[in-house]
Amino acid sequence: MIVTKIMEKDSIKIGVIGGVSATSVVIKKLYEYKFKNVFVWNYSPSTNNKYVSGLTDLASISKEYGFKNFAFKKIREIILSVREIEPDLIFVVGLSQIVPADIFELPKYGSIGFHPTKLPFGRGRAPLSWLIIESCSTTAATFFKLTQGVDEGPIIAQEEFEIDPNDYAEDIENKMLIAEAKALDTIFTDPNFPIIKGKEQNNVNATYFGKRDIFDGIIDWNLSHAEICKLIRATSKPFPLAYTFYKDCKIKIEKAIISNICIKGVVGKILKVNEDRSFIVQA
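(A) Layout of the overall build of the chain. Looking only at helices and strands, one finds eight helices and 13 strands in the chain. With respect to the three principal axes, the spread of C-alpha positions in the chain is 75 × 40 × 30 Å. Counting the 283 residues in the chain, one finds 46% classified as buried. Of the contacts made within the chain by residues no fewer than 6 positions apart, 64% connect residues no fewer than 24 positions apart. Here the chain displays about 15600 Å² of accessible surface, and carbon together with sulfur accounts for 52% of that area. The chain carries 36 positive and 34 negative side-chain charges, and their two centres are separated by 3 Å.

(B) Layout of a nonpolar patch on the surface. A contiguous nonpolar patch, built from Tyr246, Ile270 and Val273 and spanning about 300 Å² of accessible area, is present on the exposed surface. Its location among the elements puts tyrosine 246 in strand β10 (residues 242–246).

(C) Quick look at the environment of glutamate 180. By secondary structure assignment, the location of glutamate 180 is in helix α7 (residues 169–188). According to the relative accessible area criterion, glutamate 180 is buried, its value standing at 0%. Leave out the neighbours within four places in its chain, and glutamate 180 touches Ala22, Val25, Val26, Val93, Phe114, Ala141 and Phe143.

(D) Quick peek at the packing of helix α2 (residues 21–32) against helix α3 (residues 58–65). Relative orientation of the contacting elements α2 and α3 amounts to 0°, with a least axis distance of 11 Å. Classified by the angle between their axes, α2 and α3 sit roughly parallel to one another. Contacts between α2 and α3 involve Thr23, Ser24, Ile27, Lys28 and Tyr31 from the former and Leu58, Ile61, Ser62 and Tyr65 from the latter. The class makeup of the residues in the contact of α2 with α3 is five nonpolar, three polar and one charged.

(E) A look at the environment of threonine 23. Within the fold, threonine 23 resides in helix α2. For the pair formed by threonine 23 and phenylalanine 114, sequence separation is 91 residues and the distance between their alpha carbons is 9.4 Å. Not counting residues within four places of it along the chain, the set of residues in contact with threonine 23 comprises Val16, Ile17, Gly18, Leu58, Val93 and Gly94.

(F) Quick look at the pairing of β10. Both β10 and strand β11 (residues 249–253) contribute to a ladder of five bridges, which runs antiparallel. Note on β11: the bridge partner recorded for threonine 244 is isoleucine 251. Counting the residues between successive antiparallel strands, the hairpin from β10 to β11 contains two residues, one of them, lysine 247, with a positive phi of roughly 55°.

(G) Region of interest: the pattern of salt bridges. The final tally for this structure, using the stated rule, is nine salt bridges. The closest approach of N and O atoms between aspartate 185 and lysine 29, which form a salt bridge, is 2.8 Å. You can see aspartate 185 sitting in helix α7 and its partner lysine 29 sitting in helix α2, a full 156 residues away along the chain. Its salt-bridge partner being lysine 237, residue glutamate 254 comes within 3.6 Å of it at the nearest N-O pair. Of this pair, glutamate 254 sits in the loop between β11 and β12 (270–273) while lysine 237 sits in the loop between α8 (225–234) and β10; the two residues are 17 residues apart in sequence, bridging distant segments of the chain.

(H) Fine view of the packing of α2 against α7. As a packed pair, α2 and α7 sit with axes 10 Å apart at the nearest point and diverge in direction by 35°. Viewed along their axes, α2 and α7 form a crossing whose handedness is right-handed. Taken together, the residues of α7 that come into contact with α2 (itself represented by Ser21, Ala22, Val25, Val26, Lys29, Leu30 and Glu32) are Glu173, Met176, Leu177, Glu180, Ala181, Leu184, Asp185 and Phe188. Classifying every residue of the contact of α2 with α7 gives nine nonpolar, one polar and five charged.

(I) Representation of the side chain of threonine 117 in the model. By the element assignment, threonine 117 lies in the loop between β5 (111–115) and β6 (123–124). Residue classification places threonine 117 among the buried positions, given a relative accessible area of 0%. Leaving out residues up to four positions away in the same chain, threonine 117 has contacts with Gly122, Pro127, Leu131, Thr139, Ala140, Thr142, Gln158 and Phe209.

(J) Molecular detail of α2. With twelve residues, α2 extends 16 Å between its outermost C-alpha atoms, agreeing within 8% with the 16 Å of an ideal straight helix rising 1.5 Å per residue. If you check which residues of α2 are buried, you get Ala22, Thr23, Ser24, Val25, Val26, Ile27, Lys29 and Leu30. Each element contacted by the buried residues of α2 is listed here: β1 (13–18), β2 (37–43), α3, β4 (89–93), β5 and α7. Two residues or fewer after α2 comes lysine 34, characterised by a positive phi angle close to 65°.

Rules and cut-offs
Residues numbered from 1 in each chain as written. Predicted model: local features only at pLDDT ≥ 70, side-chain atom pairs only at ≥ 80, totals over all residues. Heavy atoms only, no water. Helix = DSSP H or I, 4+ residues; strand = E, 2+ residues; numbered from the N terminus. Buried < 20%, exposed > 50% of the residue type's maximum accessible area, 1.4 Å probe, protein only. Contact = heavy atoms within 4.5 Å. Areas by Shrake-Rupley, 256 points an atom, 1.4 Å probe, with all protein chains shown as cover. Lys, Arg positive; Asp, Glu negative; His and termini not counted. Charge placed at Lys NZ, Arg CZ, Asp CG, Glu CD. Patch = residues over 30% accessible without salt bridge, like charges linked within 9 Å, V, L, I, M, F, W, Y side chains within 5 Å. Salt bridge = Lys/Arg side-chain N within 4 Å of Asp/Glu carboxyl O. Axes fitted to C-alpha atoms, helices over the stretch in contact; angles between N-to-C directions. Parallel < 35°, antiparallel > 145°, perpendicular 65-115°, else oblique. Nonpolar A, V, L, I, M, F, W, Y, C, P; charged D, E, K, R; others polar. Pairing = 2+ DSSP bridges. Left-handed = near helix turned anticlockwise from the far one by under 90°. Expected span 1.5 Å × (residues − 1).

These figures capture arrangement, not role.
Structure, rendered in structure tokens:
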């Protein structure tokens, strides 16, 4: 039985599609579990990279581990290469584009997606930001079978973790990557791998998050100080950051705390500039 397992691991072809830190976790785990035939399709936009949050150099990681790498801009560009390679299993992790059925239905063991919420809660876009805005206290790294619907396939592995009230997006992402690695351990140590059925989601309980873009980071100083701080945490790194304007100058804000300064001012006006060049604004 042991020899059979080793031969299967050496022969199975696994594809990975994505372009962010969460994608690199999958690649590293495949190397750790000694998979040899790994093919990485790396999302690599040629321009405006600053608008792709958390973009990671998967080409270098693939080269380090001896995995073949293919760059793409639009997901439909890779249909032919996926057909040529005929992977037995595909992981799609950290890709905002909709994967066509021509790709995710091709592998004989199916395709596996990833989402950082406790599905069926929070399907959709920009989950890390929404988790902060919605004041969620827990979430999960969830792997599921890719289907035609958005984030609605059977759940294969789900590793929960806590969200601290003062966590920034980067804090949640770091916790997510740890939980993701644990979920992958569950998948790769399953005695039936790569045949994994998964548990159907309850669509009645499903909720959805909508798309966010760079314009959603502008600060409305008429909001409460608590809501403003949440927005700043939700749009912090790896996202483009919350921002405001002073005359013609755009000011990006990485971090903020609620001040107890005893000054009452006009909403949106700077009350004080500190020696370290931080400043206090009336909300």
